[in-house]
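# Overview (structure and organization)
The primary structure of each chain is shown beneath.
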Amino acid sequence: MEDYELEILISEADIERRVGELAQQISRDYADEDELVLVGVLKGAFVFLADLSRKLSIPRVIEFIAVSSYEEGSTASNSVRLVMDMRENIEGKQVLIVEDIVDTGRTLHFLVELLSTRNPKSVKTCALVRKPDRTEIDATLDYLGFEIPDVWVVGYGLDYDEQNRTLPHIAAMKPKG
Ligand code: 5GP
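Right, let's walk through the structure included here.

About the thresholds
- Residues numbered from 1 in each chain as written.
- Predicted model: local features only at pLDDT ≥ 70, side-chain atom pairs only at ≥ 80, totals over all residues.
- Heavy atoms only, no water.
- Helix = DSSP H or I, 4+ residues; strand = E, 2+ residues; numbered from the N terminus.
- Contact = heavy atoms within 4.5 Å.
- Phe/Tyr/Trp six-rings, centres within 6.5 Å; stacked < 30°, edge-to-face > 60°.
- Buried < 20%, exposed > 50% of the residue type's maximum accessible area, 1.4 Å probe, protein only.
- Salt bridge = Lys/Arg side-chain N within 4 Å of Asp/Glu carboxyl O.
- Polar contact = N/O pair within 3.5 Å; in protein donor to acceptor, adjacent residues only side chain to side chain.
- Pairing = 2+ DSSP bridges.

Among the structural elements, Leu114 can be located in helix H3 (residues 106-116). Beyond its immediate chain neighbours, meaning those up to four positions away, Leu114 contacts Ile65 and Leu82.

In the structure shown here, the tally under the stated rule is one aromatic pair. Ring centres 6.5 Å apart and planes at 80 degrees place the aromatic pair Trp152 and Tyr160 in the edge-to-face group. The class of Trp152 is partly exposed, set by a relative accessible area of 23%.

Counting across every chain of the model gives 15 salt bridges. The partner of Glu21 in a salt bridge is Arg18, and the shortest N-O contact between them spans 2.7 Å. Of this pair, Glu21 and Arg18 are both found in helix H1 (residues 12-29), three residues apart, which corresponds to roughly one turn of the helix. Between Arg130 and Glu147 there is a salt bridge; the shortest N-O distance is 2.8 Å. Linking Arg130 in strand S6 (residues 122-130) with Glu147 in strand S7 (residues 143-147), this pair joins segments that are 17 residues apart in sequence. Beyond isolated ion pairs, a larger network of salt bridges with shared partners links Asp14, Arg17, Arg18 and Glu21.

Now for the side chain of Ser53. With respect to the secondary-structure elements, Ser53 resides in helix H2 (residues 46-55). We classify Ser53 as buried; its relative accessible area is 9%. Of note is the side chain of Ser53, whose polar atom sits 2.7 Å from the backbone oxygen of Leu49. Setting aside residues up to four positions removed in sequence, Ser53 forms contacts with Leu38, Arg60 and Ile62.

Neighbouring strands of a sheet are bound in pairs by backbone hydrogen bonds; such pairs are parallel or else antiparallel. One open sheet accounts for three strands, arranged S1-S9-S8; its pairing is antiparallel. Because the sheet does not close on itself, it has two edges, and the strands there are strand S1 (4-10) and strand S8 (153-154). In this sheet, strand S9 (residues 170-175) lies alongside S1 in antiparallel orientation, the contact comprising six bridges. By the bridge assignment, Tyr4 is partnered in S9 with Pro175.

See below:
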């Protein structure tokens, strides 16, 4: 997209409030457990994971995993590929996959299947935003921040060709004119 403008879809204040609510809910749900392994999906989830993890009131460790489902820009490819694995052995552990955005659901489905083969105690999923109109695979989301329409969004960790990742809010990219 050469010439575009950004329209704020979710404000910084709304994100902060919702991330706080999700953290409270997760802290309650895992209150009786030893430790929660938070697995952030790179690169997009790094901001969400940083904020969410710091608001939790339960013991937690941070891991990252990277997959590739979009070759470049916003063109969808059909396959999801593991690009970087996490270090932690998750056997017998409680795992929470933390995603920035769920679009078709393929990435989340792939990750749940992959991590489930490693014999964790449980695998749950958390995403900041989801585009319900785009769902192809109904991967279960245990925790969700917001639902948004079918638009390309940037900010709060999300990019377009590495641009606009560090905006404090989530904005829709609209072609100009
Ligand atoms: P899915 O596998 O659910 O189709 O796609 C998930 C991945 O697609 C996300 O982790 C993200 O990398 C990318 N994606 C889908 N929609 C958007 C969007 O609107 N903005 C950005 N920046 N990435 C998106």
